[in-house]
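The residues making up each chain are set out below.
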Amino acid sequence: MPTKRHAHAAFSLKRRDLLTGSAAVLAIGTLAPAAFAAPDPSLKDFGAARGIAFGCAVGAKDLAANPDLAAAIARDCAIVVPENDMKWGAVEQVRGKPDYQASEAVADFAKRNSMDLRGHTAVWYLNMPAWAKQDITGPQGRDLILKRVRDVMGHFRGRVVEWDVINEMIDHTSGRADGMREWPPFAAGDVGFIADCFFAAKEADPHARLVYNDFGFEYVSAGEDQRRLTALRLMEQLKTRDAPIDGFGIQSHLKVGNNFKPQTFRRFLADIADFGLDISITEFDIDDQRLAPEIEARDAAVAEHARLFLETAFEEPAVKKLLTWGYSNRNTWLNAHRPRKDGIPHRALPLDDSMNRTPMWDAIADCLKNAPDRR
Ligand code: G3I
């Protein structure tokens, strides 16, 4: 009997042939009725029926080199975010000479496929141009950062529905009493500088929803317990300053075997929502490092972890977006940045490296379908 995964593989092939106008399918008359049957609902359809925008991160290079990935994303996603192409280091390697070619390619892909565009990320301490790494440590550091916010958000003004204005400013290992990152433009002051970035962002693109994005809030551990408290304090301080912040991004780089306690995460989501903020799950994927290599068991454990996490997340009506970080296992950042010790590729995402659905795809579909309606 074919397994669910095999059935999905057959579907993916048919769909791909249809999308590419394959002569093989079109020439064989008996296949035509099946090929032209109504397509399966996609993750974006399941999400739309509940008021949750589903999408993923992808890079311009990956889109150009992987037409099958591009077709799969166009079919399943209502929103995309450039994985790296809008980062400062990608855009402005030469000071004062921004190059938006790659980020525009992703924006164009989104537009051609009627998808929304997320912006990632105006301010981040990583992936900076070499010249800026130097200059932000000096007296002009804050002005440079504010200029970067105005430049990139101004360039895309009116085209991005939601921006990560600030990424990863919490650092529970910094030794600072406030739990924030030790980073030159921030070190001399307080939350006021983060608020200033949001004010600059609002001016640059008044219609984009403005988000603070960070990782490490999902599990129970001493570090993550502290990070959740720091995040709540930060949101309170930004609200006290009337900073124009609309949302909180929870990256959700998960790892099978970490200690997920639904009630702890659920409480955190409710506490964030109490500030009047929307919540976006911005970089969902699952590290399978701790699992034995066998694929079916790995896929099952990854899907189960996804299901538990997403069921909990979607209980909170403020959660209105879910984006995976990459869409196919062929292109996950984990293989380069967090390689498994046995050297085999991760099974982290909704599609495998042949663009067939993994059990994680089914888990996401079920959780979207079962989510309370927040439209
Ligand atoms: O494209 C160049 C290639 O031309 C060059 O030969 C090669 C040599 O180093 O580098 C390639 O660029 C790399 C790029 O990924 C594309 O693969 C960069 O070195 C590498 O630093 C970059 O890593 C990205 C990382 O952020 C740092 O910017 C990952 O792809 C990306 O997935 C990751 O994404 C972050 C989010 O922005 C924030 N949250 C965590 C998440 C995962 O770390």
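On a predicted model such as this, the values are computed, not experimentally measured, just so you know. (Residues numbered from 1 in each chain as written. Predicted model: local features only at pLDDT ≥ 70, side-chain atom pairs only at ≥ 80, totals over all residues. Heavy atoms only, no water.)

Right, let's get into helix α15 (residues 295-315). Over its 21 residues, α15 runs 30 Å from end to end, which matches the ideal 30 Å to within 8%, given 1.5 Å per residue. Considered for burial, the residues of α15 that qualify are R298, D299, V302, A303, H305, A306, F309, L310, T312, A313 and F314. Two or three places before E296, at the opening of α15, E294 has a side-chain oxygen 3.3 Å from that residue's backbone nitrogen. (Helix = DSSP H or I, 4+ residues; strand = E, 2+ residues; numbered from the N terminus. Expected span 1.5 Å × (residues − 1). Buried < 20%, exposed > 50% of the residue type's maximum accessible area, 1.4 Å probe, protein only. Polar contact = N/O pair within 3.5 Å; in protein donor to acceptor, adjacent residues only side chain to side chain.)

With that out of the way, let us pick up the state of the cysteines. Among covalent bonds in proteins, the disulfide is the one between the sulfur atoms of two cysteines. Tallying each qualifying case throughout the model produces zero disulfides. Unpaired in terms of disulfides, C56 finds its nearest cysteine sulfur in C77, a separation of 3.9 Å. (Disulfide = S-S within 2.5 Å.)

Residues in contact with the ligand amount to 15 residues; listed here are only the nearest, E83, K87, H120, N127 and E283. Between K61 and the ligand, the recorded distance is 3.3 Å, taken from a side-chain N or O atom to an oxygen atom. Taking E283, its side chain carries an N or O atom lying 2.7 Å from a nitrogen atom of the ligand. Look at the ligand: alone it shows 790 Å² of surface, and the protein chains cover 52% of it. Of the residues contributing to the shell around the ligand, the split by class is three nonpolar, seven polar and five charged. (Near = heavy atom within 4 Å. Areas by Shrake-Rupley, 256 points an atom, 1.4 Å probe, with all protein chains shown as cover. Nonpolar A, V, L, I, M, F, W, Y, C, P; charged D, E, K, R; others polar.)

Let's shift gears to unusual backbone geometry. The omega angle of the peptide bond from H120 to T121 is -10 degrees, so this bond is cis rather than trans. Structurally, T121 is set in the loop between β3 (116-119) and α9 (130-135). Its identity as a non-glycine residue notwithstanding, S252 has a phi of 65 degrees, on the positive side. When its relative accessible area of 0% is taken as the criterion, S252 is described as buried. Positive phi is not limited to glycine here, since M355 has a value of about 70 degrees.

Per-chain confidence: the chain averages 91 in pLDDT, with 89% of residues scoring 70 or above. Scored below 50 in pLDDT, residues 1-34 shows 29 contacts in the model against residues more than four places distant or in partner chains. (pLDDT = per-residue confidence, 0-100. Contact = heavy atoms within 4.5 Å.)

On to the packing of aromatic side chains. Two measures describe an aromatic ring pair: the distance that separates the ring centres and the angle between the ring planes. Summed over the entire model, instances satisfying the criterion amount to 14 aromatic pairs. An aromatic cluster is built from Y219, F260, F265, F284 and F309, whose rings are joined through pairwise contacts. Positioned above the aromatic ring of W361 is the side chain of R357, whose terminal nitrogen or guanidinium carbon lies 3.7 Å from the ring centre. (Phe/Tyr/Trp six-rings, centres within 6.5 Å; stacked < 30°, edge-to-face > 60°. Lys NZ or Arg CZ within 6 Å of the ring centre and 35° of its normal.)

What follows concerns the pattern of salt bridges. Applying the stated criterion across every chain, the model contains 26 salt bridges. Residue R159 is joined to E104 by a salt bridge in which the shortest nitrogen-to-oxygen separation is 2.7 Å. With R159 in the loop between α10 (141-155) and β4 (162-167) and E104 in helix α8 (residues 101-112), this residue pair connects regions lying 55 residues apart in the sequence. The partner of R228 in a salt bridge is D225, and the shortest N-O contact between them spans 2.5 Å. (Salt bridge = Lys/Arg side-chain N within 4 Å of Asp/Glu carboxyl O.)

Interaxial distance between α15 and helix α17 (residues 359-370) falls to 8 Å at its minimum, and their mutual angle equals 20 degrees. Between α15 and α17, the angle falls in the class roughly parallel. Crossing angle aside, the handedness with which α15 passes α17 is right-handed. Here D299, V302, A303, A306, R307, L310, E311 and F314 of α15 come into contact with α17, specifically with P359, M360, D362, A363, I364, D366, C367 and L368. (Axes fitted to C-alpha atoms, helices over the stretch in contact; angles between N-to-C directions. Parallel < 35°, antiparallel > 145°, perpendicular 65-115°, else oblique. Left-handed = near helix turned anticlockwise from the far one by under 90°.)

Glancing now at the pairing of strand β8 (residues 278-287). Of all the ten residues making up β8, ten are buried; the element is thus mostly covered by neighbouring parts of the structure. Here four bridges tie strand β6 (residues 247-250) to β8, and the two strands are oriented parallel to one another. When the sheet's bridge partners are listed, I250 is paired in β8 with I281. Strand direction decides the pairing type here: strand β7 (residues 253-255) and β8, joined by three bridges, are parallel. Paired with H253 across the strands is D285, a residue of β8. Handedness of the β-α-β unit built from β8, α15 and strand β9 (residues 319-324) comes out right-handed. (Pairing = 2+ DSSP bridges. Right-handed = clockwise from strand over helix to strand, strands pointing away.)

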